[in-house]
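An overview of the molecular structure
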Amino acid sequence: MTIKDAQTTVDDWIKTVGVRYFNELTNMAMLTEEVGEVARIIARRYGEQSEKESDKNKDLGDEMADVLWVLICLANQTGVDLTEAFAKNLEKKNIRDATRHLNNKKLSE
């Protein structure tokens, strides 16, 4: 599935099953909540925090997909073509960071 396909799929689902988009502010709050759920799993599974028994069966991929879903909703609502935006962002990074990380002594240790 391409990013464009994902944007179309989410839009179709929202308009049929979901009835309508939540407003942008609600979706921004939901995005923050979903990112927090990803952070919780990462902090406990890969960081130094102890993982609670109730978190051990949490699916990191599913939580990341929730983040992507809400991000796509926001993109659709605000008229952002994520394929185009991502391509521009990658180009920016390739220009700005062409040698930046290669010259970072902290990364070579």
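The chain goes by Nucleotide pyrophosphohydrolase in an unreviewed UniProt entry, where it is assigned to Spirosoma agri.

**Describing the overall build of the chain**
A count of helices and strands for the chain gives four helices and zero strands. Sequence-ordered secondary structure for the chain, helices as α and strands as β, is α-α-α-α. What you see for the chain is a C-alpha radius of gyration of 18 Å, clearly larger than the 13 Å of a compact globule of 109 residues, by over 25%. For the chain, the residues scored as buried account for 21% of the 109 residues in total. For the chain, the accessible area works out to roughly 8,300 Å², and carbon and sulfur atoms hold 58% of it. Averaged over its 16 positive side-chain charges, the chain has a centre that lies 7 Å from the centre of its 20 negative ones.

**Focus: the environment of L68**
Relative to the helices and strands, L68 is located in helix α3 (residues 60–78). Sequence-wise, L68 and A6 are 62 residues apart; in three dimensions their C-alpha atoms are separated by 9.5 Å.

**Some words on the nonpolar core**
The biggest cluster of nonpolar side chains holds eight residues, and these are A6, V10, I14, Y21, I72, C73, A75 and L82. Every element with two or more residues in this core is listed here: α1 (3–16) and α3.

**Quick word on α3**
Helix length check: α3, at 19 residues, gives a terminal C-alpha distance of 27 Å against a target of 27 Å (1.5 Å per residue), a fit within 8%. Among the residues of α3, L60, E63, V67, V70, I72, C73, L74 and A75 are the ones counted as buried. The backbone nitrogen of G61 has a side-chain oxygen 2.9 Å away, supplied by the residue at the start of α3, namely D59. G79 sits one or two residues past α3 and shows a positive phi near 75°.

**Thoughts on the environment of Q7**
With respect to the element layout, Q7 can be found in helix α1. Judged by its relative accessible area of 9%, Q7 is buried. Residues Q7 and S50, spaced 43 residues apart in sequence, show a C-alpha to C-alpha distance of 36 Å. Excluding residues that lie within four positions of it along the chain, Q7 makes contacts with I72, A75, N76, V80, D81, L82 and T83. Side chain to side chain, Q7 and N76 meet in a polar contact 2.7 Å long.

Rules of the game
Residues numbered from 1 in each chain as written. Predicted model: local features only at pLDDT ≥ 70, side-chain atom pairs only at ≥ 80, totals over all residues. Heavy atoms only, no water. Helix = DSSP H or I, 4+ residues; strand = E, 2+ residues; numbered from the N terminus. Rg over C-alpha atoms; globule rule 2.2 N^0.38 Å. Buried < 20%, exposed > 50% of the residue type's maximum accessible area, 1.4 Å probe, protein only. Areas by Shrake-Rupley, 256 points an atom, 1.4 Å probe, with all protein chains shown as cover. Lys, Arg positive; Asp, Glu negative; His and termini not counted. Charge placed at Lys NZ, Arg CZ, Asp CG, Glu CD. Core = buried A, V, L, I, M, F, W, Y, C linked by side-chain atoms within 4.5 Å. Expected span 1.5 Å × (residues − 1). Polar contact = N/O pair within 3.5 Å; in protein donor to acceptor, adjacent residues only side chain to side chain. Contact = heavy atoms within 4.5 Å.

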